[in-house]
Amino acid sequence: MDSILGDVIAQSRRGRRAAIPSVCSAHPEVLEASLRLARQLGRAVVIEATSNQVNQDGGYTGQQPSDFVAMVHGLADRIGLDRDQIVLGGDHLGPQAWRHLPPDQAMAKADAMIRAYARAGFTKIHLDCSEGCAGEPAQLSDAETVPRAALLARAAIETVPAETLVFVVGTEVPPPGGARVGEHGIAPTQPQAARATLDAHMEAFRNLGRIGGLVVQPGVEFGAMDIHRLPMDRDPRLREAVAHHEGVVLEAHSTDYQHPEVFPRLAELGFAFQKVGPALTFAWREAVYALDGLARLAGWGAGTLPDTMEALMLSDPRYWVRHLSEDAGDLRVQRHVSYADRIRYYWPRPEAQAALTRLREVLSGRVLPDPLLLQGVPPAILDRAETMSDLPRVEALIQARVQEALAPYFFGDA
């Protein structure tokens, strides 16, 4: 098992407030900012790709697993971060990307994907077969998902030695229409349900490698336009659900946009793997939109980036139409600034990349005085950008915004 994950698991199991951030994004600039922060802090980090971002068919990024690994390692080499400080993970690996197909066909695609991830060097593997395929219910029970997860685990260990892998099981997919919010916010997973899910996987995974993490809901979530924050005084007692299986910790998804004090509290509750993704691409989008607006304010000929992105999202609504609703407010506003950050699916498009290139060309070589920047850039971001003297000012400002969102995950000592 990866020594970094093994150390985090061991510390958490001993009751220490230990956790590692897991950056789930395929955005190269977000990944670069994350890796730079890890290098600056002398900390390890998990970098994860999801099955819809990266798969053997290319995903929406056009990348196969080996391409993603090459990109991450290339970024690390360029900024001077030891590759050994990076754990590569796969998130929600299962038949989701092909759930329009019959179950046997979708699972065959998932089998090929798992093998590609394992061959490429991913060692933290989250198996998720919870969503139904053609002709099945939207969400499946443990009785249906666990055998499928075991089949995928077998595919992984047939590809690489089992001892090199850490499997994470379970999921926290909200019900159709989004997470249901009760009087006291998002309901955490019930300990007995978490224990039953873990026990079922442990039984099915005999001789199939090590399960090191269980995904459960601690009581955090975000919707299109709102955040459901962790009640700091509540203990859902989920640590007890994994206590009877040695070497298993909790994994939290949807921790994005939480207050900084939440992350050490989650670690106290046993969540040693803490996932973040949309909050980082949201921060990156904030940065480029702010710079675009300031260039327009200054009369430098920019200011059209939102228009470009709006046209892209309207021409191909598949990535946002099922996730945003007029019940949450104006759809144009949501397309651009919702916490769900569905706009992230459109940045790889050639039109978006061309607009970003134009913005950088407009700003290249210009003096960006603080009084102008302060119209759209918080002082904390300016201060953080000042520490990146090896980068052009524009790139430092963008990366600083991403790092400000990620920094609270690196609490405590290295």
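It should be noted that the structure appears before, not after, this text.
What counts as what
Residues numbered from 1 in each chain as written. Predicted model: local features only at pLDDT ≥ 70, side-chain atom pairs only at ≥ 80, totals over all residues. Heavy atoms only, no water. Helix = DSSP H or I, 4+ residues; strand = E, 2+ residues; numbered from the N terminus. Buried < 20%, exposed > 50% of the residue type's maximum accessible area, 1.4 Å probe, protein only. Contact = heavy atoms within 4.5 Å. Polar contact = N/O pair within 3.5 Å; in protein donor to acceptor, adjacent residues only side chain to side chain. Patch = residues over 30% accessible without salt bridge, like charges linked within 9 Å, V, L, I, M, F, W, Y side chains within 5 Å. Areas by Shrake-Rupley, 256 points an atom, 1.4 Å probe, with all protein chains shown as cover. Salt bridge = Lys/Arg side-chain N within 4 Å of Asp/Glu carboxyl O. Pairing = 2+ DSSP bridges. Right-handed = clockwise from strand over helix to strand, strands pointing away. Axes fitted to C-alpha atoms, helices over the stretch in contact; angles between N-to-C directions. Parallel < 35°, antiparallel > 145°, perpendicular 65-115°, else oblique.

A.B. asks: Which parts of the structure should I look at to understand the environment of T159?
C.D. replies: Tracing the sequence through the fold places T159 in the loop between helix 5 (142-157) and strand 5 (166-169). Under the relative-accessibility criterion, T159 is labelled partly exposed at 24%. Separated by 167 residues in sequence, T159 and E326 place their C-alpha atoms 46 Å apart. Every residue in contact with T159, bar those within four places of it in the chain, is listed here: R115, A118 and R119. Within the local environment of T159, its side chain forms a polar contact with the backbone oxygen of A155, the two atoms lying 2.7 Å apart.

A.B. asks: Would you take a moment to explain a nonpolar patch on the surface for this structure?
C.D. replies: Taken together, M225, V333 and V337 make up a surface patch of nonpolar side chains, about 200 Å² in accessible area. Here V337 is to be found in helix 11 (residues 331-337). The partly exposed category is assigned to V337, whose relative accessible area is 32%.

A.B. asks: Can you help me understand the pairing of strand 12 (residues 271-276) in this one?
C.D. replies: It is a general feature of regular strands that their side chains alternate between the two faces of the sheet. Extensive coverage of strand 12 is indicated by the burial of six of its six residues. Here strand 1 (residues 20-24) pairs with strand 12 via four bridges, running parallel. The residue of strand 12 that forms the bridge with V23 is V276. With three bridges joining them, strand 11 (residues 249-252) and strand 12 adopt parallel strand pairing. By the bridge assignment, E251 is partnered in strand 12 with F273. Read as a crossover between parallel neighbours, the route from strand 11 over helix 8 (residues 262-268) to strand 12 is right-handed.

A.B. asks: What is the right way to look at the packing of helix 9 (residues 278-297) against helix 10 (residues 305-315) in this model?
C.D. replies: Axis angle and axis distance: for two packed helices, these are the angle between their axes and the distance between the axes, and together they describe the pair. Axis separation between helix 9 and helix 10 bottoms out at 9 Å; the angle between their running directions is 130°. By the angle between their directions, the pair helix 9 and helix 10 is classed as oblique. Taking contact as the criterion, the partners of V288, Y289 and D292 in helix 9 are, on helix 10, L305, P306 and M309.

A.B. asks: Can you walk me through the pattern of salt bridges in this structure?
C.D. replies: Any two side chains of opposite charge can pair if their charged atoms end up close together. Across all of its chains, the model carries 30 salt bridges by this definition. The salt bridge involving E48 is made with K275; its shortest N-O contact spans 3.6 Å. Here E48, found in strand 2 (residues 45-50), pairs with K275, found in strand 12; they are 227 residues apart in sequence, far enough to count as distant. One salt bridge connects K275 with D91, and the closest N-O pair in it is separated by 2.7 Å. In this pair, K275 sits in strand 12 while D91 sits in strand 3 (residues 86-93), placing the two residues 184 residues apart along the sequence. Residue K275 shares its accessibility class with D91, and that shared class is buried. Because the salt bridges share partners, they merge into one network encompassing E48, D91, K124, E251 and K275.

A.B. asks: Would you mind showing me how to read the sheet that holds strand 11 here?
C.D. replies: Hydrogen bonds between backbone groups are what pair the strands of a sheet, and the pairing can be parallel or antiparallel. Strand order in the closed barrel formed by eight strands is 1-2-3-4-5-8-11-12, and the pairing between neighbours is parallel. Neighbour to neighbour, the strand axes of the sheet diverge by 25° on average, direction disregarded. Taken together, the three bridges between strand 5 and strand 8 (residues 211-215) define a ladder with parallel strand orientation. Its bridge partner being in strand 8, F167 is matched across the sheet by I211. Where helix 2 (residues 28-41) meets the sheet, it contacts strand 1, strand 2 and strand 3, and its direction lies at approximately 165° from that of strand 2.

A.B. asks: Sorry, what's going on with unusual backbone geometry here?
C.D. replies: The bulk of non-glycine residues show a negative phi, and the bulk of peptide bonds are trans. Located in the positive-phi region is N207, a residue other than glycine, with phi close to 65°. A positive phi is found at D341, a non-glycine position, where the angle reads about 55°. Examined against the element boundaries, D341 turns out to sit in the loop between helix 11 and helix 12 (350-363).

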